[in-house]
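Structure assessment
Listed below are the residues making up each chain.
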Amino acid sequence: METRNRLAALSLLLSAVSSVCVCVTFSPEEIDPLLYEEQLLWVSGAQGQVSTYRIPLLTFTPKGSLLAFSEGRKSAAADIGAKFLAMRRSTDKGATWSPTSFIVDDGSKPDGLNLGSVVVDEEAGSVILVYSICFHLYHCKPSSTMMVESTDDGLSWSPPRNLSVQLGVKNFAPGPGFGIQKRYEPAKGRLVVCGHGTIAGNGVFCILSDDHGKNWYNGAALKSIPYNQKKKAQDFDPDECQPVELTDGSIVINVRNQNNYHCRCRVIVRSRDGGLSLPIDDLFFDYELVDPAVAAGALQKDGVLYFTNPANEQHRVNLTLRWSLTNGGSWVNKAVQIWAGPSGYSSITSLDSGSIEDRKYIFVIYEKGHKDYDETISFAKIHLYGGR
Ligand SMILES: *[C@@H]1O[C@H](CO)[C@@H](O)[C@H](O)[C@H]1NC(C)=O
Ligand SMILES: *[C@@H]1O[C@H](CO)[C@@H](O)[C@H](O)[C@H]1NC(C)=O
């Protein structure tokens, strides 16, 4: 009896030990990303009513699903024209995806909708998508900033709401990428959506909400130079951007350097007041992040900063993943090529339940092609410790 109890206790102890051993903690120094799985979510020209799919966005949801969005450009590949806002949803960490649903249809507008920034309100359990219509003022005016919201994990979406009523009419193209909900002070809980202006009035602008998207107001502005004047080559023209929150509560925004001011590389700016300001004191050019002027992906996960772009000074090719253990101060000298060929816009997300599974992966969505980068939109699952 005694022995049997001891044996039972011993086997209990052993199983406890072995389950502890499964819980190896992953240290950032061991990151060695592997392209683990990839599938095409959209193929241009392959589906009725859509000529070209572009501008991929990807987000987690509060319930642990993944949502992918893109513009379904109806009759041509151009940025203007009528579009569907296309969405697919995965409830199994990207293994399988729902069929495409068109959650917004702008009809036959000559200058229709443009994506966009997706922001998850984890406190309210909702997903908000901010986009623009008539951004190029092509046979229409004014440009409006619009929002749709889902409170059921992306299954259904509210009718579009016109945020320009509160923000004022101004050309504002959110993202493309994701907006953030502040997880740390200052302004914990605030929604921060950043984007850019247009032509003369370009720059990085952030809109903010402190009440879960009910009311929005204008926050930080980093204006182009010259502002409200036609640009020349090499003028300062900060454009499409991706904000991420660091664990110290500051927001770092990784910005497209439209006119190659100073370098063919990314502009980095930082807000320490929750998106109210973007001081020049905190602006720098990241020479390591060589860029052909494009929308890029960034993500902060478990204290590591990730970045994706077509890493080439001239062309949209060579989609590359980099990571930084120093909040972007330097990048680990081991970039991973995701796709050698034509590749354009990209966006990164991850699931964050705290499970071991979720700590191991990040997900990248990007424009991918053989001849042109707008041929398909691809979803890539990256195993962060898979290469070792
Ligand atoms: C949005 O609101 C603004 C400001 O009231 C208005 O000028 C604009 O026409 C509205 N846009 C749409 C699509 O209703
Ligand atoms: C692709 O990116 C890597 C990493 O930055 C770089 O070393 C390589 O030269 C790039 N190749 C091309 C063709 O751009």
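Residues numbered from 1 in each chain as written. Chains lettered and ligands numbered in written order. Predicted model: local features only at pLDDT ≥ 70, side-chain atom pairs only at ≥ 80, totals over all residues. Heavy atoms only, no water.

Of the regular secondary structure elements, the protein holds 3 helices and 25 strands. What you see for the protein is a C-alpha radius of gyration of 22 Å, in line with the 21 Å of a compact globule of 388 residues. Once the C-alpha set of the protein is aligned to its principal axes, its extents read approximately 90 × 45 × 45 Å. The burial tally for the protein puts 55% of its 388 residues in the buried class. Counted over contacts in the protein with a minimum sequence separation of 6, partners at least 24 positions apart contribute 54%. Accessible surface computed for the protein: about 16,300 Å², of which carbon and sulfur atoms make up 54%. Considering the protein, the positive charge centre built from 38 side chains and the negative charge centre built from 42 side chains are found 2 Å apart. (Helix = DSSP H or I, 4+ residues; strand = E, 2+ residues; numbered from the N terminus. Rg over C-alpha atoms; globule rule 2.2 N^0.38 Å. Buried < 20%, exposed > 50% of the residue type's maximum accessible area, 1.4 Å probe, protein only. Contact = heavy atoms within 4.5 Å. Areas by Shrake-Rupley, 256 points an atom, 1.4 Å probe, with all protein chains shown as cover. Lys, Arg positive; Asp, Glu negative; His and termini not counted. Charge placed at Lys NZ, Arg CZ, Asp CG, Glu CD.)

Another point: the pattern of salt bridges. What the rule picks out here adds up to 19 salt bridges. One salt bridge connects Glu38 with Lys368, and the closest N-O pair in it is separated by 3.1 Å. Residue Glu38 is found in strand E1 (residues 34-43), and its partner Lys368 is found in strand E24 (residues 361-368); the two are separated by 330 residues along the sequence. The structure contains a network of salt bridges with shared partners spanning Glu71, Arg73 and Asp79. (Salt bridge = Lys/Arg side-chain N within 4 Å of Asp/Glu carboxyl O.)

The nonpolar side chains of a soluble globular protein tend to be buried, and buried together. In this structure, Phe69, Leu85, Leu129, Tyr131, Trp157, Ile253 and Tyr306 are the most contacted members of the largest nonpolar core, which totals 88 residues. Top element by residues in this core is E24. It accounts for 6 residues. (Core = buried A, V, L, I, M, F, W, Y, C linked by side-chain atoms within 4.5 Å.)

Turning next to the site of ligand 2. Close to ligand 2 lie Ala311, Asn312, Asn318, Thr320 and Arg322. A distance of 2.3 Å is found between an oxygen atom of ligand 2 and a side-chain nitrogen or oxygen belonging to Asn318. Residue classes in the shell around ligand 2 are distributed as 1 nonpolar, 3 polar and 1 charged. (Near = heavy atom within 4 Å. Polar contact = N/O pair within 3.5 Å; in protein donor to acceptor, adjacent residues only side chain to side chain. Nonpolar A, V, L, I, M, F, W, Y, C, P; charged D, E, K, R; others polar.)

Turning to the site of ligand 1, a few remarks are in order. Taken together, the residues surrounding ligand 1 are Ile133, Pro142, Ser144, Asn162, Ser164, Val165 and Val169. In the model, a nitrogen atom of ligand 1 is placed 2.9 Å from a nitrogen or oxygen of the Ser144 side chain. Asn162 is positioned with one of its side-chain polar atoms (N or O) 2.3 Å from an oxygen atom of ligand 1. Taken by itself ligand 1 offers 360 Å² of open surface, and the protein chains cover 51% of this. Residues that form the shell around ligand 1 fall into these classes: 4 nonpolar, 3 polar and no charged.

A few words now on the packing of aromatic side chains. Scanning the model with the defined rule gives 10 aromatic pairs in all. For the pair Phe26 and Tyr385, a centre-to-centre distance of 4.4 Å together with 25° between the ring planes defines the contact as stacked. Here the residue Phe26 occupies a position in the loop between helix H1 (2-22) and E1, and Tyr385 occupies one in the segment after strand E25 (376-383), the gap between them amounting to 359 residues. Residue classification places Tyr385 among the buried residues on the basis of a relative accessible area of 9%. Measuring from centroid to centroid gives 6.0 Å for Phe307 and Trp331, while their planes differ by 55°, and the two rings are tilted. Of the two residues, Phe307 sits in strand E21 (residues 304-310) while Trp331 sits in the loop between strand E22 (317-324) and strand E23 (336-349), which places them 24 residues apart along the sequence. The burial state of Phe307 is the same as that of Trp331; both residues are buried. (Phe/Tyr/Trp six-rings, centres within 6.5 Å; stacked < 30°, edge-to-face > 60°.)

A few words now on the confidence of the model for the protein. For the protein, per-residue confidence averages 94 on the pLDDT scale, and residues scoring 70 or more make up 93% of the total. Between residues 16-22, whose pLDDT stays under 50, and residues either more than four places distant or in other chains, the model counts 1 contact. (pLDDT = per-residue confidence, 0-100.)

Should the sulfur atoms of two cysteines be covalently bonded, the bond is a disulfide. If you walk through the whole model with that rule in mind, you get 3 disulfides. Disulfide pairing is shown between Cys134 and Cys140; the S-S distance is 2.1 Å. Measuring handedness by torsion sign, the sulfur bridge of Cys134 and Cys140 sits at about 110° and is right-handed. The exposure class assigned to Cys134 is buried, which follows from its relative accessible area of 5%. Disulfide pairing places Cys194 opposite Cys206 at an S-S distance of 2.2 Å. On the sign convention where negative means left-handed, the S-S torsion of about 100° between Cys194 and Cys206 marks this disulfide as right-handed. Linking Cys194 in strand E13 (residues 191-196) with Cys206 in strand E14 (residues 203-209), this pair joins segments that are 12 residues apart in sequence. Owing to a relative accessible area of 1%, Cys194 belongs among the buried residues under this scheme. For Cys206, a relative accessible area of 2% puts it in the buried group. Disulfide connectivity for the protein, with bonded cysteines indexed by sequence position, reads 1-2, 3-4, 5-6. (Disulfide = S-S within 2.5 Å.)

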